[in-house]
Amino acid sequence: MRHSQKWTASLSTAALVLIPTAIGINYLGKLFAGLLKLPLWLDSIGTILASMLAGPFIGAISGILNNVMFGITVDPISFVYAITSGVIGLVVGIMAYQGWLANVRRALIIGLVVGVTAALVSTPLNIIFWGGQTGNIWGDALFAYGLSIGLPLWFASFLDSIIVDVPDKVATVLISYFIFTGLPNQLKGLYARHNDIQEL
Amino acid sequence: MHKLSLFVDQSSLIYKIDPISKMMYAMIAFLTPYILPHITAAIAITALSFSLLLIGRVFRHIVPILGVSLLLILSIVIVQGLFYPDNATPLFQVMGLTFYQEGSEHALLLTLRVLNMLAACGVLILTTPPDVIINSLMRLGMSPRVGYVLLSVLNIIPHMRATMARITEAQKARGVELEGNLKTRLKSFFFLMGPVILSSLNQTRERALALELRGFNAHAPRTFASASGAYPLYKISRVCVVILLLLVVSWRLYL
Amino acid sequence: MSIIQVENLKYQYPSAEHLALNNLTFTINQGEFIGIAGANKAGKTSLCMALCGLIPHFFKGAYGGNVLVNDKPVRDTPLNNLTDLTGLVLDHPFTQLSGAKNTVFGEIAFGLENKGVPRKLMLERIEEVLHLLHISELRNKHPFTLSGGEMQRVAIASALALKPDILLLDEPTSQLDAARTTEVFRMLANLADQGTTLIIAEYNIEKMALHCHRILLLNTGSAIDFNTPRWVFSRPDLNEHGIVPPLITRLAKSLHIKRDDGLYPVETREFNALGGFVDA
Ligand SMILES: Nc1ncnc2c1ncn2[C@@H]1O[C@H](COP(=O)(O)OP(=O)(O)OP(=O)(O)O)[C@@H](O)[C@H]1O
Ligand SMILES: [Mg+2]
């Protein structure tokens, strides 16, 4: 019962309309990070906010569709990482449900978990599609070094992902957390799961 | 308003193929070098994808897309050539670094896969506007709610880009700095993003209200205001796509 | 014949501290053109939402009393079944756009497509409302590139295309110039003559006085009055409710020009007939 209620709540019109907005915010984050020459991508703020507001399901869809749409309109490589984006939304949404948004320190943990999970999911993709690289200079240099000292391919590739993903995801989750705590309750309540009509 | 799309507005043979056939081609072509892990297959399908781009007269528009992945390809060639775990046979030396045959062959296969993936997608996305792709999928039975989300993204991103330009101007006038040390710039990031996020989330709520009253959740089978596009090559292109699929599968079985 | 019955309606938003709608009781007949007047936060928007079912189906919170639309209790009828009866145009024009369409034509089609209206009928209806709101020349424009006023007219057209029995409009002319506002009010009055029930929340008292059959005066969620424009705008205490009566009524009040029933006129023609003189 509680479960099914959660499910329908997460598919409400309000939650569905949140998805394109989340994707737009992702895009904007990326643009501003570029404009301000920040050494991070910050391109998943929208996905993470959607997960915090409307739960793992909406978060995951936002992540997946973000990459699908980016793939058909800007850069097809982005299709490959649709799964990673989806998992990011899923992890943040589940952790948010379980109370990990209580304070900054806990939010930092979400960031670390998201970073490591993203790296874990991306590693097999990187190995299948590009033999283990990520296309990021620093990460790939580490990957090459790892291979040259005889580390197994998967491990070297995981290191490559993790040094790229963890700092970015920790920063992204923290930024999203600060924005989320500043949102008015009226907005947060819109996607709340158990609110019934009270009698007057 | 600047459109979010890689579509090249012109006309050629490929434009006469329906979006679903092109999408099926992109998928089959994308998967082929993984189903058939033989370099000949990768070369054949990559050549086919690029020929289609040539026939479609969009070849030069794939170049910038390839350019984005240049770094990735370079990294593949260098790292695999030097450090591929199965490396045994030295091929040549550059500046004291030994490139190996095994790694270079592997890099060639990987590079072909990347090029093929980009070209196969290019066949679809350079010759089909994104909203046409989404509408075709909706006609095929994709949920209109999903269709709504995808179509909205096409509109919201150019809108966000316009908003960004406006905000940057306004905040600059208020003294938000776009340069300086990391801390200053991070702070500016909040000042720039915060207001847009808040206003776009508020708009989300009101838009949801409006949609509810415009039958967004109606159960009636959906109808379409636009006529479905005319694609003279519809039948023949489907047949070709199916033949390609059969070819790939039978090659695989034969192996 | 009554189409809307409201009995002891009370409503409070989820995180709010006091009632947004406080014990409202009234009836609206089919084909009536009703104006809702009141100061900021009087509850005009909330009432519109309660009449179309967004309260309590979208906004949960605390609810009491009853709203019957076509004898269906709003509270127990799924929102989906209510939307065939009622249309709604909200005040912020940008968010009235679906966001998924890249032409005005497509935007108006959006609701019709959702409701599965056959294509031929759909095209007829779209042409009809494009014409009604004088926006035919905008048909191929991207909705996001329109001005606020143009968006408002597109929003009204989109709602009208669905042919609702009841149309609720929340400040639908806030971004229109005087000429366009006149045009829209005339068109709405026409619709009411043809049997559509119209309910409009507005700050444009002049136009409401001219066209509405009855005015519902709200103050902090309570109904102060629900009567003809003459009656409501003749009240001596309008100031307390944040309402400035129409110019003609103010003029009549200061010149003591009254009708036999003791009410002040709200339109020029009547004002002149009673012995005043204002150039129409
Ligand atoms: N989403 C909401 N959540 C909580 N309270 C709300 C919400 N919307 C409105 N209210 C409150 O309900 C009351 C009635 O507001 P409403 O918007 O209905 O008034 P209004 O007459 O339309 O005002 P305006 O002229 O400013 O549009 C106000 O006290 C307002 O603060
Ligand atoms: Mg209002």
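Positions within a chain are numbered from 1, following the residues in the order the chain's sequence is written. Each chain takes a letter, starting from A, and each ligand takes a number, starting from 1, following the order in which they are written. Only residues with pLDDT of 70 or above have their local features reported here, since the model is predicted, and side-chain atom pairs are shown and tallied only from 80 upward, although totals for entire chains, interfaces and linings are computed over all residues. Remark: hydrogens and water are excluded; side-chain values derive from all non-hydrogen atoms of the structure.

## Examining the overall build of chain C
Consideration 1: Each helix is a run of DSSP H or I of at least 4 residues and each strand a run of E of at least 2, with the numbering of both proceeding from the N terminus. Helix and strand content of chain C: 12 helices and 10 strands.
Consideration 2: Atoms counted for the radius of gyration: C-alpha only. Globule rule: 2.2 Å times the number of residues to the power 0.38. For chain C, whose C-alpha radius of gyration is 19 Å, the value lies close to the compact-globule estimate of 19 Å for 280 residues.
Consideration 3: Summarising its shape, the C-alpha atoms of chain C cover approximately 55 × 45 × 35 Å along the three principal directions.
Consideration 4: When burial is assessed residue by residue, chain C has 59% of its 280 residues classed as buried.
Consideration 5: Residues are treated as being in contact if the distance between any of their heavy atoms lies within 4.5 Å. Within chain C, contacts between residues separated by at least 24 positions form 60% of all contacts whose residues are at least 6 apart in sequence. Exposure classes here rest on a 1.4 Å probe applied to the protein chains alone. A residue is buried below 20% of its type maximum, exposed above 50%, and partly exposed in between.

## Re the overall build of chain B
Consideration 1: On a plain count of helices and strands, chain B comes out with nine helices and two strands.
Consideration 2: Along its sequence from the N terminus, chain B presents helices and strands in the succession α-α-α-α-β-β-α-α-α-α-α.
Consideration 3: Since a compact globule built from 255 residues should have a radius of gyration of about 18 Å, the 24 Å found for chain B marks it as more spread out than a globular shape.
Consideration 4: Along the first, second and third principal axes, the C-alpha atoms of chain B reach 65 × 55 × 30 Å.
Consideration 5: Sorting the 255 residues of chain B into buried and exposed places 47% on the buried side.
Consideration 6: Sequence separation of 24 or more characterises 70% of the internal contacts of chain B that already satisfy a separation of 6 or more.
Consideration 7: Using the Shrake-Rupley algorithm and a 1.4 Å probe, accessible areas are obtained, with residue cover drawn only from the displayed protein chains. Carbon and sulfur atoms form 68% of the exposed surface of chain B, whose accessible area is close to 12500 Å².
Consideration 8: Counting 22 positive and 11 negative side-chain charges, chain B places the averaged centre of each group 9 Å from the other. All tallies of charge rest on Lys and Arg as positive and Asp and Glu as negative; His and the ends of each chain are not included. Taken as the charge location is NZ of Lys, CZ of Arg, CG of Asp or CD of Glu.

## Digging into the pattern of salt bridges
Residue and element names in this part refer to chain B.
Consideration 1: By convention in these notes, a salt bridge is any Lys or Arg side-chain nitrogen within 4 Å of a carboxyl oxygen on Asp or Glu. Evaluated as defined, the whole model comprises 20 salt bridges over all chains.
Consideration 2: A salt bridge links Lys172 to Glu169; its shortest N-O distance comes to 3.8 Å. Of this pair, Lys172 and Glu169 are both found in helix α7 (residues 144–173), three residues apart, which corresponds to roughly one turn of the helix.

## Describing the domain arrangement of chain B
Consideration 1: Annotation comment: domain bounds sourced from an automatic or database domain assignment. Domain annotation for chain B reports domain 1 (17–128) and domain 2 (134–213).
Consideration 2: The gap between the C-alpha centroids of domain 1 of chain B and domain 2 of chain B is 34 Å.

## Re the site of ligand 1
Consideration 1: We define proximity as follows: a residue is near a molecule or strand when any one of its heavy atoms falls within 4 Å of that partner. Contacts to ligand 1 come from 15 residues, most closely from Lys41, Lys44, Thr45, Ser46 and Tyr203 of chain C.
Consideration 2: Ligand 1 is flanked by residues contributed from chains A, B and C.
Consideration 3: Distance and chemistry together define a polar contact, namely a pair of N or O atoms within 3.5 Å, with one atom able to donate a hydrogen and the other to accept it when in protein, and with adjacent residues in sequence counting only for side-chain atoms on both sides. Contacts to ligand 1 include Asn40 of chain C, whose side-chain N or O atom sits 3.2 Å from an oxygen atom.
Consideration 4: One of the side-chain nitrogen or oxygen atoms of Thr45 of chain C is found 2.6 Å away from an oxygen atom of ligand 1.
Consideration 5: Calculation on ligand 1 without its partners gives an accessible area of 630 Å², and the protein chains cover 78% of this total.
Consideration 6: Of the residues forming the shell around ligand 1, the biggest block, three residues, is contributed by helix α1 (residues 44–52) of chain C.

## As for the interface of chain B and chain A
Consideration 1: Taken together, the 62 residues of chain B in the interface contact 63 residues of chain A.
Consideration 2: The buried area of a pairing is the accessible area, by a 1.4 Å probe, that goes missing from both parts when the two are put together, added over both. Approximately 5500 Å² of surface area, both sides summed, lies buried where chain B meets chain A, with 81% of it carried by carbon and sulfur atoms.
Consideration 3: A per-residue breakdown of the area chain B buries against chain A is headed by Met164, Phe189 and Leu201 of chain B, which together make up 12% of the total.
Consideration 4: There are zero salt bridges connecting chain B and chain A.
Consideration 5: On the surface where chain B and chain A come into contact, there are 11 residue pairs in polar contact (both at pLDDT 80 or more).
Consideration 6: For the side of chain B that touches chain A, the elements supplying multiple residues, two or more each, are α1 (19–35), α3 (59–68), α4 (70–83), α5 (101–125), α6 (130–139), α7 and α8 (182–212) of chain B.

## Comments concerning unusual backbone geometry
Residues and elements named next belong to chain C.
Consideration 1: The residue after Ile55, namely Pro56, is reached through a cis peptide bond having omega 10°.
Consideration 2: Considering the arrangement of structural elements, one finds Pro56 in helix α2 (residues 54–57).
Consideration 3: Located in the positive-phi region is Asp71, a residue other than glycine, with phi close to 70°.
Consideration 4: A residue is classified by how much of its surface remains accessible, and Asp71, at 60% relative accessible area, is exposed.

## Overview of helix α2 (residues 39–55) of chain B
All names here are of chain B.
Consideration 1: Over its 17 residues, α2 extends 24 Å from the first C-alpha to the last, a length consistent with the 24 Å expected when each residue adds 1.5 Å.
Consideration 2: Residues of α2 that are buried include every one of Ala41, Ala42, Ile45, Thr46, Ser49, Phe50, Leu52 and Leu53, and no others. Summarising the axial view, the buried residues of α2 lie within an arc of 155°, below the 170-degree limit, and thus occupy one face.
Consideration 3: On its buried side, α2 packs onto α1, α3, α5 and α9 (234–254).
Consideration 4: Arg57 sits one or two positions beyond α2 and adopts a positive phi of about 55°. Expected helix span is computed as 1.5 Å times (number of residues minus one). Of all possible arcs, the one meant is that of the directions from the helix axis to the C-beta atoms.

## Overview of the environment of Thr204 of chain B
Consideration 1: Turning to its location among the elements, Thr204 of chain B is positioned in helix α8.
Consideration 2: Separated by 28 residues in sequence, Thr204 of chain B and Pro232 of chain B place their C-alpha atoms 40 Å apart.
Consideration 3: Among all residues touching Thr204 of chain B, those that are not within four sequence positions of it are Ala14, Val17, Leu18, Thr21 and Tyr191 of chain A.
Consideration 4: Of the polar contacts made by the side chain of Thr204 of chain B, one reaches the backbone oxygen of Ser200 of chain B; its length is 2.7 Å.

## Concerning the sheet that holds strand β8 (residues 197–201) of chain C
Residues and elements named next belong to chain C.
Consideration 1: Here we have six strands laid out as an open sheet, ordered β6-β7-β8-β3-β9-β10, and mixed in their pairing. Strand pairing shows two members of the sheet lacking a second neighbour, β6 (86–89) and β10 (222–227), which therefore form its edges. Mean inter-strand twist for the sheet, computed between neighbouring axes without regard to direction, equals 15°.
Consideration 2: By the convention used here, strands pair only if DSSP detects at least 2 bridges between them. Pairing of β6 with strand β7 (residues 166–170) involves four bridges; the strand directions are parallel. Counted as the bridge partner of Val89 is Leu169 from β7. Interaxial angles span 0 to 180 degrees and are taken between N-to-C directions of axes, which are lines fitted to C-alpha atoms, for helices over the stretch in contact.

## Thoughts on a nonpolar patch on the surface
Consideration 1: Patches here are clusters of residues that have more than 30% relative accessible area and form no salt bridge, with a 9 Å joining cutoff for like charges and a 5 Å cutoff for nonpolar side chains (Val, Leu, Ile, Met, Phe, Trp, Tyr). A cluster of nonpolar side chains, contributed by Ile137, Trp138 and Ile163 of chain A together with Leu71 of chain B, occupies part of the molecular surface with about 460 Å² of accessible area.
Consideration 2: The residue Ile163 of chain A is located in helix α8 (residues 153–181) in this model.

## A short note on the pairing of strand β1 (residues 90–94) of chain B
All names here are of chain B.
Consideration 1: As paired elements, β1 and strand β2 (residues 97–100) share four bridges and run antiparallel to each other. Paired with Phe92 across the strands is Phe99, a residue of β2.
Consideration 2: Hairpin connection from β1 to β2: two residues lie between these consecutive antiparallel strands, with Met95 at a positive phi of about 45°.

## Overview of the packing of aromatic side chains
Consideration 1: Any two rings among Phe, Tyr and Trp, with Trp reduced to its six-membered ring, count as a pair given centres within 6.5 Å; such a pair is stacked if its planes are under 30 degrees apart, edge-to-face if over 60, and tilted if neither. One pass over the structure, following the stated rule, counts 20 aromatic pairs over all chains.
Consideration 2: Aromatic ring contacts, followed pair by pair, group Tyr11, Tyr13, Phe58, Phe59 and Tyr63 of chain C into a single cluster.
Consideration 3: Whether a charge lies above a ring is judged from NZ of Lys or CZ of Arg, which has to be within 6 Å of the ring centre and within 35 degrees of the ring normal. Over the aromatic face of Phe180 of chain A sits the side chain of Lys188 of chain A, whose NZ or CZ is 4.9 Å from the ring centroid.

## Overview of the nonpolar core
Consideration 1: We define the nonpolar core as a collection of buried residues of types Ala, Val, Leu, Ile, Met, Phe, Trp, Tyr and Cys that are connected through side-chain atoms lying within 4.5 Å of one another. Among the nonpolar cores identified, the biggest contains 128 residues, and Ile45 of chain A, Phe189 of chain B together with Ile4, Leu9, Leu47, Leu54 and Ile199 of chain C are the most heavily contacted of them.
Consideration 2: At 13 residues, helix α2 (residues 13–35) of chain A tops the list of elements feeding residues into this core.
Consideration 3: Counting only domains with at least three residues in this core, you end up with domain 1 (17–128) and domain 2 (134–213) of chain B.
Consideration 4: Among all residues touching Leu9 of chain C, those that are not within four sequence positions of it are Leu21, Asn22, Asn23, Leu24, Leu47, Ala50, Tyr63, Gly64, Gly65 and Val67 of chain C.
Consideration 5: In this structure, Val89, Phe105, Ile126 and Ala189 of chain C belong to the second largest nonpolar core, which totals 53 residues.

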